[in-house]
Amino acid sequence: MRRQVVRSAYTIPMALAATIASAGILSAQETGSLTGQVIAQSTSRPLAGAQVAVEGLEIGTLANSEGRFILPALPAGTHTVTVSFVGYGAEQAEVVIQPGVATEQNFALSTSAIGLDEIVVTGTGGPSQRRRLGQTVSSIGADVIETAPIQNVTQALQGRIPGMIGGGIGLEGSAARIRIRGAVSLSQRNSPLIYVDGVRMDNTFSKVGANPTSRLDDINPSNIERIEVLKGAAAATLFGTEASSGVIQIFTKRGVVSEPTYTFQTTQQISSIDAENRMPRNYAWDRASQQILSNHPAPEWVKPAWQQTYYMSVRGGTPGMRYFASGNVADRPGSAPNNAVQNYGLRSGLDFHHTDKLTSSWDINIIRNNLEAPHPTWGAFAEFMLSDPTSETETRPYGEQDFSVAGALDFRNFEETDNITLSSGLTYDWTDNLNSDLRVGLNRVNRNETQFILKGGGNPDAPSPGQRSLLSDERMSWTFDVNTNAQVDLTRDIQSTTTIGAQSFWETRDVAQSGVQDFPSSALRTLRGGATVSNVDEFREEVVNAGIFVQQQLGYRDRLFLTGGARMDGNSAFGEDFGFEFYPKVGLSWVVSEEAFWNIDALSNVRLRGAYGTSGLQPGAFDAQRTWRPVTGIENDQAVAPLNLGNPDLQPERSREIEVGLEFAMLADRLGFEAVYFDQKTTDALLPARVSPSLGFLQAQLTNIGALESWGVELSSTWSIYESFDWGLSLEGSYSYIDQTVTDMGDVPAFRIEGRRRWSQIREGFSPGAVIAPVHDPNNPWSTSVPIEQVTSVSQIQPNFLKASNGADSLVYIGESSPTWTASLGATIDLPGNLTARTLLGAQGGFIMSRESGLIRQNLGYNLFMAELNRALDPNQNVPIEERRRLIGEYGNKHPNMFSDWMEDADYLQVQEVSLSWRVPADLTARWGLGGTTVSLNARNLLIWSPNYDGIVDPNAGEASRSEFLQNIDYMQGPSPRTFGVTVRTSL
């Protein structure tokens, strides 16, 4: 079966393309061409990348590095040409095309801080101007993606989407959890849906070794034309169940009507982690030599790594057929050992204009991603920090898992992922104002994970017997989407837009896992070589979702818009008593400044908007079902035992959200400002409720009994401070804040999400994941079992816990596990000589990190303070009683058994991106036979500053925990590396 699926990735698109091509394209007719240049009105600077489109013909192109464009083979006659560019107002012109004549039409765009006429698609049912929408849709264009020092989609989103929480990347190949406007569920996933060209993609967040991974980051940013991020339930009507966490929709580059344009891009960069300063030196008091010994193995293993990426694409087409194809290769070894990524991709997209009414598109995207990840035994870097300076083999004495630095690196983890997407779409224009769209797509992700340790590896004092485990995880997602859009002028002032449609997705998952151990020889490395089977598992799950929707919008004089919509959704994971769920929405948008009564000249493009919407989140595939597990009964008889009780009354969680927004521009449309307030509530939240043990089921039963409320604000601004032909300065900034509270848990008592040192809880009256933990007794924070002058071991020093009235440890609120606010500031500086400098600062705060690297080192005695304390406690050392008392007091007040002592405020400010780009003059590139060429010097993660956090990893790059509500832990990941590189992008 798998071979057939892989083979179809190549044969199906080729057969479809051949069928479409044989059907014929537009009949030949007399044509002419249109040429021109697009410049900024205020500076006369060419606008490279400006979009030029001919209305009604599905024909368009992009301006080159000099702002020039050409549209060949336009049908003779009069046409409306529209030119748009991010940060500028759109311009239109009527042009007359004569047969065999090259017509010239130039465009000068004026600055527009508020892009009311920007076209968006996500959550609208079809292309629509932003001015018509009551909900929030944020977008990022290719002009930003192509010039930013980014390697994946997550990095493109960070700092550019207000209200989005996304941690740092960490090790090479690591991903970050993304949340938009916080959490909407207490037990289900909170990540947004991912769509690429209308096809639903796998958005699973998994972990390989010490690396969290996400399939979102498989996508090559160089193939992206635009990213739209949909926030809130108001616009989720068109996406249905699961859209309550938001939607990220990616639109890839398409062909244009032009001669073939070849683009080549390469990035060469150095990735490095400052191990000398970021990784602490180890210290220990050696009673044998009566000395403080030290070692620092990290710089010997953590080295700068040379990374390189190559990308090439071709773009062009005729009025009848447009094409885009690309390929990429990336080799990114990590600065840390046992960490590397190789990425390979092929993509093609074909658009056919069969008749004046029928168009189609055919896409294939093939990605292979290979990841090598460090083993998670105390994390990727912990071995360097837990290396005993008093041991010749640098072995850390910590239970049964004693590893030398080199031995720890014997553990290998690999992930090989094939991510294939096939899609096709048809559009039929019944009339000029009535069209239908059909989209069918398949996303198949086959992930193979391997964990391996050679026989004899690991701890030299207790070498491993050898282990190997394999995991095969295949996910397939089919998307079916059809809608019809009708636009009618009801009167001269009132316009109607109606969208009706249906949407369905079908997801399957097949998992097979096996593992062996006890290899007789180090030469054996396959499953067959293991003498003992350690684990075997296999399961399959399937989820089917289907829904129908209708949306009606009424517009008055292109300034006042009222939108209403509803969706009926059904899902196979719902309980047997629940069929379709109903999700309504309504939105209002009013461009006040275009009213006749508006007379405030200082404010322009003033818009008030609001939206109300509902959405849902279905339970897991088997949560409603009663399940069993196999066991061995009496006398080795085969039997089954209860596993999951199931809940036939299970229904989806429901989220409703209200948002209101204000937008306006000032200073001749150079300063734009947007403010959004949102209020969200989730009801019927799924929580694990305990059942009576007499039923025979030990696991809790998911039940719709919880509630979660959130509110927040999002502020953003753009400011074009100065513009001239040679000089320019513009700023972009944002700030967001969110407050969340668990308002109802039914009869479920508060519970910790995980044990050990983790104290994040789900507790009524607090935010989900709030850290509530024991603390010191303020009146007597610590004590010793013997008089201070007789203390000879740290085991004689104990913390005193604050007690409740019942004698149990009193629990105190410590902080939030996730940031409550984010901020960003970006600057673009245009300099003489075709130079442009860009920088992006990012900040997050209102949360804590658990500095467990310090806790463990304190417990093992491997930091300088513990070396000094153990020296003071050594009976052979004559240490003054005052120094002994001071050191014992410091240890008692920051004790490794008092976990709250090691939870620190993690507010931070980061210099996220810095770049300097040179647009090579056209006269130079022409000598070499090149088109537009840009050379960029760039740096990423240049500096991060956190005043109260002293951990080893960036405060925005914690552990990829099983639950997103656990506080971040600073040793389960590695620091995000700094990168310094050069990017060359040129076209032919």
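Predicted, not measured: the structure shown is a model, and the values here were computed from it.

Draft legend 1. Layout of the pattern of salt bridges. By the definition in use, this model includes 52 salt bridges. Measuring nitrogen to oxygen at the nearest pair gives 3.1 Å for the salt bridge that ties Glu-225 to Arg-315. Separated by 90 residues along the polypeptide, Glu-225 in strand β18 (residues 224-230) and Arg-315 in strand β23 (residues 305-317) bring together distant segments of the chain. Accessibility assignment for this pair places Glu-225 and Arg-315 in one class, buried. Here the residues in one salt-bridge network are Arg-181, Lys-231, Arg-607, Arg-609, Glu-657, Glu-659, Glu-663, Glu-674 and Glu-714, joined through shared partners.

Draft legend 2. Just the sheet that holds strand β2 (residues 51-54), in detail. An order of β3-β2-β5-β6 is seen for the four strands of this open sheet, with the pairing classed as antiparallel. Every interior strand has two partners, whereas the edge strands, β3 (59-62) and β6 (88-97), have only one. Direction aside, neighbouring strands of the sheet carry axes that sit 20° apart on average. Two strands pair when backbone bridges link them, and strand β5 (residues 77-85) and β6 are joined in this way by eight bridges, in the antiparallel orientation.

Draft legend 3. Inspection of the environment of Ile-165 at higher detail. Within the fold, Ile-165 resides in strand β12 (residues 164-166). Since its relative accessible area comes to 15%, Ile-165 is described here as buried. In the structure, Ile-165 is positioned 13 residues away from Ile-178 in sequence and 5.7 Å away in space, judged by C-alpha atoms. Discounting chain neighbours no more than four positions away, the residues touching Ile-165 are Arg-177, Ile-178, Arg-179, Pro-819, Thr-822 and Gln-844.

Draft legend 4. Helix α8 (residues 852-860), seen in detail. Judged by how many residues are buried, α8 sits mostly within the fold: eight of nine residues are covered. Three or more residues of α8 are buried, namely Glu-852, Ser-853, Gly-854, Leu-855, Ile-856, Arg-857, Gln-858 and Leu-860. Directly beyond the C-terminal end of α8, a positive phi value near 80° is found at Gly-861.

Draft legend 5. Molecular detail of helix α9 (residues 864-873). Regarding α9, the residues found buried are Phe-865, Met-866, Ala-867, Leu-869, Ala-872 and Leu-873. Contacts made by the buried residues of α9 are with β21 (282-286), β22 (291-295), α8 and α10 (881-893).

Draft legend 6. Spotlight on the side chain of Ser-271. Along the chain, Ser-271 falls in strand β20 (residues 258-272). Judged by relative accessible area, which is 0%, Ser-271 ranks as buried. Apart from the residues within four sequence positions on either side, Ser-271 is in contact with Glu-172, Lys-303, Pro-304, Ala-305, Gln-307, Ser-335, Pro-977, Arg-978 and Thr-979.

Draft legend 7. A look at the packing of α9 against α10. Between α9 and α10, whose axes approach to 10 Å, the crossing angle comes to 135°. Of the possible angle classes, the one that applies to α9 and α10 is oblique. For the pair α9 and α10, the crossing hand works out as left-handed. From α9, Phe-865, Met-866, Glu-868, Leu-869, Arg-871, Ala-872 and Leu-873 reach across to α10, where they touch Glu-883, Arg-884, Leu-887, Ile-888, Glu-890 and Tyr-891.

Parameters and conventions
Residues numbered from 1 in each chain as written. Predicted model: local features only at pLDDT ≥ 70, side-chain atom pairs only at ≥ 80, totals over all residues. Heavy atoms only, no water. Salt bridge = Lys/Arg side-chain N within 4 Å of Asp/Glu carboxyl O. Helix = DSSP H or I, 4+ residues; strand = E, 2+ residues; numbered from the N terminus. Buried < 20%, exposed > 50% of the residue type's maximum accessible area, 1.4 Å probe, protein only. Pairing = 2+ DSSP bridges. Axes fitted to C-alpha atoms, helices over the stretch in contact; angles between N-to-C directions. Contact = heavy atoms within 4.5 Å. Parallel < 35°, antiparallel > 145°, perpendicular 65-115°, else oblique. Left-handed = near helix turned anticlockwise from the far one by under 90°.

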